[in-house]
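Residues per chain are reported as follows:
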Amino acid sequence: MVIQRKGNAAAVSMSPLHELDKALELLHFGFRGLTVEADRYLAQLGLSRVHHRVLYVIAAQRTLRWERLLTPWASASRRCTGR
């Protein structure tokens, strides 16, 4: 969408900005279609896609230990509470 100002009025043109606009639109809605079921399942567990990303990263780091994961959080918590 292109917005052009002429005096006090604005004209809106719905011509595509680029030839890849349609491909980007299809990619967006296709991805949304792929994730809708996963989002529903995560919602049943009280989780969101952000939680899923975190769990994925943790699972991908096979050598990551809980102590290492919690260390930055614990030190930040101590700074915030002054302990």
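Residues numbered from 1 in each chain as written. Predicted model: local features only at pLDDT ≥ 70, side-chain atom pairs only at ≥ 80, totals over all residues. Heavy atoms only, no water.

Novice: Mind showing me how you'd approach the overall build of the protein chain here?
Specialist: Looking only at helices and strands, one finds three helices and two strands in the protein chain. Across the protein chain, helices and strands are ordered from the amino to the carboxyl terminus as β-β-α-α-α. Split into buried and exposed, the 83 residues of the protein chain put 2% on the buried side. Per element, the accessible surface of the protein chain, about 7,900 Å² overall, is 62% carbon and sulfur. (Helix = DSSP H or I, 4+ residues; strand = E, 2+ residues; numbered from the N terminus. Buried < 20%, exposed > 50% of the residue type's maximum accessible area, 1.4 Å probe, protein only. Areas by Shrake-Rupley, 256 points an atom, 1.4 Å probe, with all protein chains shown as cover.)

Novice: For this particular structure, what's the right way to read the pattern of salt bridges?
Specialist: A side chain with one charge may pair with a side chain of the opposite charge, provided their charged atoms come close. Taken as a whole, this structure holds two salt bridges when the rule is applied. Across the pair Arg40 and Glu37 runs a salt bridge, and its minimum N-O distance is 2.6 Å. A residue pair is termed a helical-turn pair when its members lie 3 or 4 positions apart in one helix, as Arg40 and Glu37 do in helix α1 (residues 21–44) at three residues. The partner of Arg49 in a salt bridge is Asp39, with the nearest N and O atoms 2.4 Å apart. (Salt bridge = Lys/Arg side-chain N within 4 Å of Asp/Glu carboxyl O.)

Novice: I would appreciate a short explanation of α1 in the present structure.
Specialist: Helical geometry: 3.6 residues make up each α-helical turn, so side chains three or four residues apart lie on a common side. The first and last C-alpha atoms of α1 sit 34 Å apart over 24 residues, in line with the 34 Å expected at 1.5 Å per residue. Residue Thr35 marks the point of greatest curvature in α1, where the axis turns by about 40 degrees. (Expected span 1.5 Å × (residues − 1). Bend = angle between axes of the 7 residues up to and from the residue.)

Novice: Would you mind going over the confidence of the model for the protein chain with me for this structure?
Specialist: When pLDDT is low, close inspection of the predicted coordinates is not appropriate. Summary statistics for the protein chain give a mean pLDDT of 76 and a share of 66% for residues scoring 70 or more. Averaged over each element, pLDDT in the protein chain is lowest for strand β1 (residues 2–6) (58) and highest for α1 (89). (pLDDT = per-residue confidence, 0-100.)

Novice: How do you make sense of the side chain of Thr35 when you look at a structure like this?
Specialist: Here Thr35 shows up in helix α1. Residue Thr35 is classed as buried on the basis of its relative accessible area, which comes to 11%. At a separation of 3.0 Å, a polar atom in the side chain of Thr35 contacts the side chain of Arg49. (Polar contact = N/O pair within 3.5 Å; in protein donor to acceptor, adjacent residues only side chain to side chain.)

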